[in-house]
Amino acid sequence: MASSAPTDGQVFIGPGLSPFKRNATIVGVIAVTALVFWIAIHQGVPAVGSTIIAVLFILGFVYYLRLIAPVPFTITLGSESLVKRSRRGEVIEVRWEDLTRIKEEFFPNGKRISISAYRKVNEPGQKARAWAIYRDDVTDLDGLAEALKHAIPESCAWQSETVHE
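Note that the structure is predicted; figures quoted are calculated from it, not measured.

*Asks:* Help me out: how do you make sense of the sheet that holds strand S8 (residues 157-162) in this one?
*Replies:* For sheets, the rule is that strands pair by backbone hydrogen bonds, running either parallel or antiparallel. With mixed pairing, 4 strands are arranged side by side in an open sheet as S7-S6-S5-S8. Where the open sheet ends on each side, the last strands, each with one partner, are strand S7 (129-134) and S8. Averaged over all pairs of adjacent strands, the angle between strand axes in this sheet comes to 15 degrees, irrespective of strand direction. Relative to S8, strand S5 (residues 99-106) runs parallel, the two being bridged by 6 bridges. Bridge assignment links Glu104 to a residue of S8, and that residue is Ser160. Across the sheet, helix H3 (residues 141-151) lies against S5, strand S6 (112-119), S7 and S8, angled at about 40 degrees from S6, the strand it touches most.

Listed below in structure tokens is the structure:
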């Protein structure tokens, strides 16, 4: 299985949040904010406290959305390592010799749900699971799985599991 030459430099893309979903969310938040201010203007002084609470709630919701929004990323299968780079600057590099296990999960109907990469823990505070990619996160999850099957070293275990039975 250690034939990393054919997959050298292969890149898989996780596009992040789609423009439609981002724009629909922005329009929804603006509409709710406009509704809150329209109610505040029509109710006058008695609605000041409620308006402040509503605006704080909306700002908290926007902050929460920024935290959970999927960030665009790339996964590169190089000759030396497996690298995941996000647009926010986070880089997770796992050298092939440090890769211990790849785990894939399937629905009972055979559709692949996710792929997780596990590594040797070499530093304090480092976690064994390097990353997990789900079907909706990447444009070609099945292609990534096939490329990984051909690229992983023989010391790396491949584990398939059916979940949600």
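*Asks:* Quick question: what am I supposed to make of a nonpolar patch on the surface here?
*Replies:* Side chains of Phe61, Val62, Tyr63, Tyr64, Leu67 and Ile68 sit close together on the surface and give an oily, nonpolar patch of about 610 Å² of accessible area. By the element assignment, Val62 lies in helix H2 (residues 48-68). For Val62, a relative accessible area of 31% puts it in the partly exposed group.

*Asks:* Would you mind showing me how to read the pattern of salt bridges here?
*Replies:* Close approach of charged atoms allows side chains with opposite charge to pair. Tallied over the entire structure, the rule returns 8 salt bridges. Residues Asp142 and Arg135 are paired through a salt bridge, measuring 3.4 Å at the closest nitrogen-oxygen approach. Residue Asp142 is classed as partly exposed on the basis of its relative accessible area, which comes to 33%. A relative accessible area of 27% means that Arg135 is categorised as partly exposed. Among the ionic contacts, a cluster of salt bridges with common partners joins Glu104, Arg112, Arg135 and Asp142.

*Asks:* Is there a simple way to think about the packing of aromatic side chains in this case?
*Replies:* How two aromatic rings sit relative to each other is set out by the distance from centre to centre and by the angle between their planes. Within the structure shown, the criterion is met by 0 aromatic pairs. Taking the ring centre of Phe73 as reference, the NZ or CZ of Lys84 above it sits at 4.9 Å. The ring of Tyr118 carries Arg101 above its face, with NZ or CZ at 3.9 Å from the centroid.

Calculation notes
- Residues numbered from 1 in each chain as written.
- Predicted model: local features only at pLDDT ≥ 70, side-chain atom pairs only at ≥ 80, totals over all residues.
- Heavy atoms only, no water.
- Pairing = 2+ DSSP bridges.
- Helix = DSSP H or I, 4+ residues; strand = E, 2+ residues; numbered from the N terminus.
- Axes fitted to C-alpha atoms, helices over the stretch in contact; angles between N-to-C directions.
- Contact = heavy atoms within 4.5 Å.
- Patch = residues over 30% accessible without salt bridge, like charges linked within 9 Å, V, L, I, M, F, W, Y side chains within 5 Å.
- Areas by Shrake-Rupley, 256 points an atom, 1.4 Å probe, with all protein chains shown as cover.
- Salt bridge = Lys/Arg side-chain N within 4 Å of Asp/Glu carboxyl O.
- Buried < 20%, exposed > 50% of the residue type's maximum accessible area, 1.4 Å probe, protein only.
- Phe/Tyr/Trp six-rings, centres within 6.5 Å; stacked < 30°, edge-to-face > 60°.
- Lys NZ or Arg CZ within 6 Å of the ring centre and 35° of its normal.

As far as function goes, none of this settles anything; it's purely spatial.
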